[in-house]
Amino acid sequence: MNQSAYEDQDFRAMVGDVKPLRRSANRASPGQPRSQPTEAQLARRESAQAELSGDSFLSDDFVELLPPFDPVEFRRDGIQQGVADRLRHGGYPAQSRLHLLRRPLAECRRALPPFIHEAYAHDLRSLLIVHGRGREIDSPANVLRSYLVKWLAQFDEVQAFVSAQQADGGLGATWVMLRKSDRARADNRERQQKRRG
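In this text the structure is predicted, and so the values were computed from the model without any measurement.

Peer 1: Describe helix H1 (residues 3-15), with residues and values.
Peer 2: Under the 1.5 Å per step criterion, the end-to-end length of H1 is 19 Å for 13 residues, consistent within 8% with the ideal 18 Å. Of the residues one or two after H1, Gly16 is the one with positive phi, at around 70°.

Written as structure tokens, this is what we have:
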């Protein structure tokens, strides 16, 4: 006997009294099809749709396009010009960075809130967002840059933002200064009181 005949004989010995399935019953039954989705399915569907839409407070309505070679600057009342100047010149180290280059606008809109909120939760103050600027008024990078200016001003956590210097990305990057969290303010007060004695 050759090798394949021995293997065939061994296989039959191992399988033993196995009977083939009837033709009509050789498939697993997936159960009865449901006419209505379950509550769990509806909840998952709603969650997925909310994630796709971003459920973001950031508006994607009309935005005034910024000229591609104009720097941006924003500071809330009470923030001194010196803070904005120091931020522009990279006087504060980048504690976190977000790269939005070549990403769709909807994806950028979804990525920005968690980035800002997480940085604020971890007491980070200076952030660098790289977004590009484009050369034409309606280029995709410039559209993103224009929306970014609109969006950053909508965050309560953002105290100021300015265009970066050439070494940090130039007009294709924006420095963002976040306000101190309540916890950071309390720590700062405590340190100052200890210094005073």
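Read on for the rest.
Peer 1: So what's going on with the sheet that holds strand S5 (residues 173-178)? Which residues, and what values?
Peer 2: Here five strands make up an open sheet; going across it, the order is S1-S4-S5-S3-S2 and the pairing mixed. This sheet does not close on itself; its edge strands, each paired only once, are strand S1 (73-75) and strand S2 (96-99). The average angle at which neighbouring strand axes cross in this sheet is 20°, direction not considered. Across five bridges, strand S3 (residues 126-130) lies against S5 in antiparallel orientation. Of the residues in S5, the one forming a bridge with Ile129 is Thr174. Strands in contact with helix H5 (residues 140-152) are S3, strand S4 (158-163) and S5; relative to S4, the strand with the most contacts, it is inclined by about 160°.

Peer 1: Mind laying out the pattern of salt bridges, listing which residues take part and the relevant values?
Peer 2: Using the criterion set out here, one finds seven salt bridges in the structure. The partner of Glu73 in a salt bridge is Arg75, with the nearest N and O atoms 3.8 Å apart. A relative accessible area of 39% means that Glu73 is categorised as partly exposed. With its nearest N and O atoms 3.0 Å apart, the salt bridge here joins Asp85 to Arg88.

Peer 1: For the packing of aromatic side chains, give the residues involved together with the corresponding values.
Peer 2: A full pass over the atoms with the stated rule returns two aromatic pairs. Taking 5.4 Å as the distance between ring centres and 35° as the angle between the ring planes, the aromatic pair formed by Tyr147 and Trp151 counts as tilted. One end of the pair, Tyr147, and the other, Trp151, are both in helix H5, four residues apart, so they sit about a helical turn from each other. In this structure, Tyr147 and Trp151 share a single accessibility class: buried. Here the guanidinium or amino end of Arg86 rests over the ring plane of Tyr92, the centre of that ring lying 4.3 Å away.

Peer 1: How would you sum up the nonpolar core? Please name residues and give values.
Peer 2: The biggest cluster of nonpolar side chains holds 24 residues, and the ones touching the most others in it are Leu100, Leu112, Ile116, Ile129, Leu152, Val176 and Leu178. Taken together, the elements giving at least two residues each to this core come down to helix H4 (105-121), S3, H5, S4 and S5. In terms of residue count, H4 provides more of this core than any other element does, seven residues in total. Look past the residues within four positions of Leu112 in its chain and what remains in contact with it is Leu58, Leu98, Ile129, Leu148, Trp151, Leu152 and Phe155. Core analysis: the next-biggest nonpolar cluster, separate from the first, contains twelve residues, Ile79, Ala84, Leu87 and Trp175 among them.

Criteria and thresholds
Residues numbered from 1 in each chain as written. Predicted model: local features only at pLDDT ≥ 70, side-chain atom pairs only at ≥ 80, totals over all residues. Heavy atoms only, no water. Helix = DSSP H or I, 4+ residues; strand = E, 2+ residues; numbered from the N terminus. Expected span 1.5 Å × (residues − 1). Pairing = 2+ DSSP bridges. Axes fitted to C-alpha atoms, helices over the stretch in contact; angles between N-to-C directions. Contact = heavy atoms within 4.5 Å. Salt bridge = Lys/Arg side-chain N within 4 Å of Asp/Glu carboxyl O. Buried < 20%, exposed > 50% of the residue type's maximum accessible area, 1.4 Å probe, protein only. Phe/Tyr/Trp six-rings, centres within 6.5 Å; stacked < 30°, edge-to-face > 60°. Lys NZ or Arg CZ within 6 Å of the ring centre and 35° of its normal. Core = buried A, V, L, I, M, F, W, Y, C linked by side-chain atoms within 4.5 Å.

In short, the description is geometric, and any link to function would need to be established separately.
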